[in-house]
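# Per-entry structural report
Residues per chain are reported as follows:
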Amino acid sequence: MSVDPKPGVLDLVREDLRDFGGYSSARTEALCGEIWLNANESPWANPADADGNSRRYPDPQPQALREKLAGLYGCDITRLLIGRGSDEAIDLLVRALCEPGRDAVVVTPPVFGMYAVCARLQNARLVEVPLVDDEAGFAPDFAAIADAALTNRAKLVFLCSPSNPTGGSIPLADVGALARKLEGRALVVVDEAYGEFSDVASAIGLIDRCSNIAVLRTLSKAHALAAARIGSLIADAGLIAVLRCCQAPYPVPAPCTELALAALTGAALARTRQRVETVKAARARLQTDLAALPSVVRVYPSQGNYLLVRFRDAETAFQALLSSGVVVRDQRSAPQLDDALRISIGTPEQNALVLDVLQRLDAGSRAVNA
Ligand SMILES: *Cc1c(COP(=O)(O)O)cnc(C)c1O
């Protein structure tokens, strides 16, 4: 009697892409030589390129950076794909897994907008399972997510932890339980763009047991390298190999690799870790101080480097901050957030200014009411 093999994560890849080899670039052909005349590159460095590192096409997945990132995130190197920010990884996942016009993507609004944008571009149906706003803050409704994923034949479920903009982290047990329910049916993607600021451990450790979990990390937020566009997808090694074939031929620019490598060594990395602690402390202080203001209705607990704040009059708060030169994120067009602003944690001086502006606003409105 033959037993059908358990469906694996590769069964989630679009059928027409399963044996797709991608573009075979000059850099991927394993040849040896001293004089490289196979890629139509210039034999001379550009005069502006002092060290000459940009003359030739880069390694599509620079080995040294892959090793560093795998070490940083605590995963096997075969499970890590570097992309142009985690934004590219989101796009790759949607394109490689969702058949246009047929498959669906589950998201949990209010949440980061790129999942919906990528679904739209791929003509994948967007299934929304709203976060539930309760005493402890916004949280996903896991029973409803599993239900929606199964009934809509979703290939992807995007979870955001810590969630942007709501701030909550998702307990690992909930991620694991959801992944087990959706095994062979959907990939559960945990976007940990703000993972460095969270007290909840990374979901990367769950991939060993649940191959249908994928994790997104980035150097854009805690590591202060948003312009370098270095994001990582950590997932099943087979899935990573497939996605690599769907990616642009040279996705990681050499100057960005150099900058990232320098940022991930010794003193720079230690400084980054210190700054994460500084942000966490400032976040706690600002949360308390904002919650004490009469104009503030609610400050959500946050595991990220931002606070979601509900105001009695969000427009006035937004404009007051703006006229002091402080730009915060207006969340009022997001579902369930029609009175909310998202405020990033800045330097101590910047945080003090935010607080000062809002305190003066309250003092002003008291004077008017008196
Ligand atoms: C900022 C952000 C990203 C984008 O990260 P990049 O690596 O810069 O593309 C991804 N997810 C969430 C939730 C974010 O807030």
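Residues numbered from 1 in each chain as written. Predicted model: local features only at pLDDT ≥ 70, side-chain atom pairs only at ≥ 80, totals over all residues. Heavy atoms only, no water.

Here the focus is the overall build of the protein. Per the secondary structure count, the protein includes 10 helices and 13 strands. Against the globule reference of 21 Å for 370 residues, the protein gives a C-alpha radius of gyration of 23 Å, in line with a compact fold. With respect to the three principal axes, the spread of C-alpha positions in the protein is 80 × 65 × 35 Å. Expressed as a percentage of its 370 residues, the buried residues of the protein come to 48%. Taking the intrachain contacts of the protein between residues at least 6 apart in sequence as the baseline, contacts between residues at least 24 apart amount to 68%. Summed over its atoms, the accessible surface of the protein is roughly 17800 Å², and 53% of this surface lies on carbon and sulfur atoms. Put simply, the protein has 38 plus and 43 minus side-chain charges, and the middle of one group is 1 Å from the middle of the other. (Helix = DSSP H or I, 4+ residues; strand = E, 2+ residues; numbered from the N terminus. Rg over C-alpha atoms; globule rule 2.2 N^0.38 Å. Buried < 20%, exposed > 50% of the residue type's maximum accessible area, 1.4 Å probe, protein only. Contact = heavy atoms within 4.5 Å. Areas by Shrake-Rupley, 256 points an atom, 1.4 Å probe, with all protein chains shown as cover. Lys, Arg positive; Asp, Glu negative; His and termini not counted. Charge placed at Lys NZ, Arg CZ, Asp CG, Glu CD.)

Taking the numbering used here, the UniProt-annotated feature "modified residue: N6-(pyridoxal phosphate)lysine" (unreviewed entry) corresponds to Lys221. Overall, the relative accessible area of 32% leaves lysine 221 in the partly exposed class. Lysine 221 has contacts with Ala193 and Tyr194, leaving out every residue within four places of it along the chain. (UniProt positions renumbered as here; feature names shortened; annotations may be inferred.)

This part is about the domain arrangement of the protein. The domains assigned to the protein are domain 1 (9-264) and domain 2 (273-369). Taken together, the two surfaces of domain 1 and domain 2 that pack against each other cover about 1700 Å², and 53% of this comes from carbon and sulfur. Ranking the residues of domain 1 by area buried against domain 2 places Phe138, Pro165 and Phe197 at the top, with a combined share of 34%. Where domain 1 meets domain 2, there are three salt bridges. A salt bridge links arginine 298 to aspartate 133; the shortest N-O distance between them is 3.2 Å. Seen at the junction of domain 1 and domain 2, the total is 12 residue pairs in polar contact (both at pLDDT 80 or more). When contributions to the side of domain 1 that touches domain 2 are tallied by element, the ones reaching two or more residues are strand S4 (132-134) and strand S5 (137-139). The residue makeup of the side of domain 1 that touches domain 2, split by class, is 13 nonpolar, eight polar and five charged. (Domains from an automatic or database assignment. Buried area = accessible area lost by both parts, 1.4 Å probe. Salt bridge = Lys/Arg side-chain N within 4 Å of Asp/Glu carboxyl O. Polar contact = N/O pair within 3.5 Å; in protein donor to acceptor, adjacent residues only side chain to side chain. Nonpolar A, V, L, I, M, F, W, Y, C, P; charged D, E, K, R; others polar.)

As a further point, take the packing of aromatic side chains. For the structure on display, the rule yields five aromatic pairs. Ring centres of tyrosine 57 and tyrosine 250 lie 4.4 Å apart, and the angle between their planes is 25°; this geometry places the pair in the stacked category. Separated by 193 residues along the polypeptide, tyrosine 57 in the segment before helix H1 (63-73) and tyrosine 250 in the loop between helix H6 (237-246) and helix H7 (254-263) bring together distant segments of the chain. Residue tyrosine 57 is classed as partly exposed on the basis of its relative accessible area of 39%. Considering the side-chain rings of phenylalanine 112 and tyrosine 115, the 5.6 Å spacing of their centres and the 75° angle between planes classify their relative orientation as edge-to-face. On the basis of relative accessible area, tyrosine 115 is assigned to the buried category, the value being 0%. One aromatic cluster in this structure is built from Phe112, Tyr115 and Phe158. (Phe/Tyr/Trp six-rings, centres within 6.5 Å; stacked < 30°, edge-to-face > 60°.)

Within a sheet, each strand pairs with its neighbour through backbone hydrogen bonds, oriented either parallel or antiparallel. The strand order across the open sheet built from four strands is S10-S11-S13-S12, with neighbouring strands paired in antiparallel fashion. Of all strands in the sheet, those with a lone pairing partner are strand S10 (296-299) and strand S12 (329-330), marking the two edges. Sheet analysis places S10 next to strand S11 (residues 306-311), joined by three bridges and oriented antiparallel. Its bridge partner lying in S11, valine 296 is registered against phenylalanine 311. Of the strands in this sheet, S11, S12 and strand S13 (340-344) touch helix H9 (residues 314-323), which is tilted by about 30° from S13. (Pairing = 2+ DSSP bridges. Axes fitted to C-alpha atoms, helices over the stretch in contact; angles between N-to-C directions.)

With that out of the way, let us pick up the pattern of salt bridges. This structure, assessed with the given rule, holds 18 salt bridges. Among the salt bridges present, the one from arginine 229 reaches aspartate 87, with a minimum N-O distance of 3.4 Å. Of the two residues, arginine 229 sits in the loop between strand S8 (213-218) and strand S9 (230-234) while aspartate 87 sits in helix H2 (residues 85-97), which places them 142 residues apart along the sequence. For arginine 229, a relative accessible area of 30% translates into the label partly exposed. Measuring nitrogen to oxygen at the nearest pair gives 3.0 Å for the salt bridge that ties aspartate 103 to arginine 102. Among the residues examined, arginine 102 registers a relative accessible area of 36% and is labelled partly exposed. Linked by salt bridges that have partners in common, Asp133, Arg298, Arg310 and Asp339 make up one network.

This brings us to the UniProt feature "domain: Aminotransferase class I/classII large" (unreviewed entry) in the protein. UniProt feature "domain: Aminotransferase class I/classII large" (unreviewed entry): in the numbering of this structure it lies at residues 34-357. The annotated region residues 34-357 carries 36% helix and 18% strand content, and the separation between its end C-alpha atoms amounts to 63 Å.

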